[in-house]
Amino acid sequence: MRLLRMGIRMNQKKIRRLMKKFGLQCPIRRSNPYRQIARALKTDATAPNHVNREFRSYGPRKVLLTDITYLRLNKGFCYLSVIKDAFTMQALAYQLSESLEVDFVLDTIKQLLREHPDAREAEAWVHSDQGCHYTSTAFRELLKNAELRQSMSRRGNCWDNAPQESFFGHMKDELKPYIQTWKTFSDVKERIDDWMDYYNNDRYQTILKQMSPNEYYKYIKTNELPPALELL
């Protein structure tokens, strides 16, 4: 187009040949991969907000919160999908991915069903935002086949999934000192695995009667306090 305005008429093949000869490159803005995925997965199948911010009103394995966050890695990002029990605060399943393709979100549900079958028995609500992964046909069918029910936040309302947002916020604050040391995807995964183990087993919370999430779940199932709290 610029050459035409200069009075020079030349086809694209010749332009490419000359650019290659003289080592010329034209920077091309890459499209946002998330938007491409969103368009590919887009459906109108949103679910009502059945949970309605009643996160801890139904007991364990009844309300399962899920969301995706990003983690910086060198010049790019990797992505973390997590499912959290809103009552016990346990991180029940998580998957880290180098891609925003829907598969890693589906794998998070499959991990939940494999490691925590009591969620299926409880006919839990799986509560998310209205992101394209959660409105996709594949995700909805997976929940339906597992006899899990779907609930969604209202569009643009972060408070409808506030405990999950808070979870990611605390995680990123605590992992901040390590971000500069991450060179590979494996570095991130190793740190995430370590933090999830710490969070479930050693991160005590006032709302859980000063227990860790795993301790609290065991307590509500057996009514037995951890040995350290029995002495208090």
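On a predicted model such as this, the values are computed, not experimentally measured, just so you know.

Just checking my understanding: could you explain the pairing of strand S4 (residues 125-128) for this structure?
For a regular strand, side-chain orientation follows a simple rule: the groups alternate between the two sheet faces. Burial along S4 is two-sided: Trp-125 and His-127 and Val-126 and Ser-128, pointing in opposite directions, are all buried. Across three bridges, strand S1 (residues 63-73) lies against S4 in parallel orientation. Bridge pairing in S4 places Leu-65 opposite His-127. Sheet topology places S4 next to strand S5 (residues 149-152); four bridges connect them, and they run parallel. The residue bridging Trp-125 from the neighbouring strand is Arg-149, located in S5.

For this particular structure, what's the right way to read the pattern of salt bridges?
Pairing between side chains becomes possible if they bear opposite charge and their charged atoms approach one another. Scanning the entire structure with this criterion turns up seven salt bridges. A salt bridge links Asp-160 to Arg-53, with the shortest nitrogen-to-oxygen separation between them at 2.9 Å. On the criterion of sequence distance, the pair formed by Asp-160 in the loop between S5 and helix H8 (162-179) and Arg-53 in the loop between helix H3 (33-41) and S1 is long-range, its members being 107 residues apart. For Asp-160, a relative accessible area of 0% translates into the label buried. Lys-189 serves as the salt-bridge partner of Asp-193, at 3.0 Å between the closest nitrogen and oxygen. Highlighted residues: Asp-193 and Lys-189, both in helix H9 (residues 185-202), separated by four residues, approximately one helical turn. We classify Asp-193 as partly exposed; its relative accessible area is 29%. Shared partners join several salt bridges into a network, and the residues in it are Arg-53, Arg-154 and Asp-160.

Would you mind showing me how to read the packing of H8 against H9 here?
How two helices sit against one another is set out by the angle between their axes and by the gap between those axes. At their nearest, the axes of H8 and H9 sit 11 Å apart, and the two run at 125 degrees to each other. By the criterion of interaxial angle, the relationship of H8 to H9 is oblique. Judged by the twist between their axes, the crossing of H8 over H9 is right-handed. From H8, Phe-167, Met-171, Glu-174, Leu-175 and Tyr-178 reach across to H9, where they touch Arg-191, Ile-192, Trp-195, Met-196, Tyr-198 and Tyr-199.

Would you take a moment to explain the packing of helix H4 (residues 103-115) against helix H7 (residues 137-145) for this structure?
It is at 10 Å that the axes of H4 and H7 come closest, and there the two elements cross at 10 degrees. In terms of orientation, H4 lies roughly parallel with respect to H7. Contacts from Val-105, Leu-106, Ile-109 and Lys-110 in H4 reach Ala-138, Phe-139, Leu-142 and Leu-143 in H7. Its residues placed into classes, the contact of H4 with H7 shows seven nonpolar, no polar and one charged.

It is not clear to me how the packing of aromatic side chains should be interpreted in this structure. Could you clarify?
Both the distance between ring centres and the angle between the ring planes are used here to describe each pair of aromatic rings. For the coordinates displayed, the defined rule picks out nine aromatic pairs. Taking the centre distance of 5.2 Å and the plane angle of 75 degrees together, the rings of Tyr-134 and Phe-139 count as edge-to-face. Like Phe-139, Tyr-134 is buried. Both rings, one in Tyr-216 and one in Tyr-219, keep their centres 6.3 Å apart while their planes meet at 35 degrees; by these two values the pair is tilted. Placement of both Tyr-216 and Tyr-219 in helix H10 (residues 213-222) is noted, with a separation of three residues, approximately one turn of the helix. Three or more aromatic residues joined by ring pairs form one cluster here, namely Phe-167, Phe-168, Trp-195, Tyr-198 and Tyr-199. A cation over a ring is seen here: Arg-149 above Trp-125, with NZ or CZ 4.2 Å from the ring centre. Across from the ring centre of Tyr-70, 4.1 Å away, lies the NZ or CZ of Lys-172, which sits over that ring.

Can you help me understand the sheet that holds S5 in this one?
Strand order in the open sheet formed by five strands is S3-S2-S1-S4-S5, with mixed pairing between adjacent strands. The open sheet is flanked by strand S3 (91-97) and S5, the only strands paired with a single partner. Sheet twist, expressed as the mean angle between neighbouring strand axes with direction ignored, is 25 degrees. Bridge count for strand S2 (residues 76-85) against S3 is six bridges, and the pairing is antiparallel. Looking at the pairing, Lys-84 lines up with Ala-91 of S3. Along the sheet, H9 contacts S1, S2 and S3; its crossing angle with S3, the most-contacted strand, is approximately 170 degrees.

Reading the values: the criteria
Residues numbered from 1 in each chain as written. Predicted model: local features only at pLDDT ≥ 70, side-chain atom pairs only at ≥ 80, totals over all residues. Heavy atoms only, no water. Buried < 20%, exposed > 50% of the residue type's maximum accessible area, 1.4 Å probe, protein only. Helix = DSSP H or I, 4+ residues; strand = E, 2+ residues; numbered from the N terminus. Pairing = 2+ DSSP bridges. Salt bridge = Lys/Arg side-chain N within 4 Å of Asp/Glu carboxyl O. Axes fitted to C-alpha atoms, helices over the stretch in contact; angles between N-to-C directions. Parallel < 35°, antiparallel > 145°, perpendicular 65-115°, else oblique. Left-handed = near helix turned anticlockwise from the far one by under 90°. Contact = heavy atoms within 4.5 Å. Nonpolar A, V, L, I, M, F, W, Y, C, P; charged D, E, K, R; others polar. Phe/Tyr/Trp six-rings, centres within 6.5 Å; stacked < 30°, edge-to-face > 60°. Lys NZ or Arg CZ within 6 Å of the ring centre and 35° of its normal.

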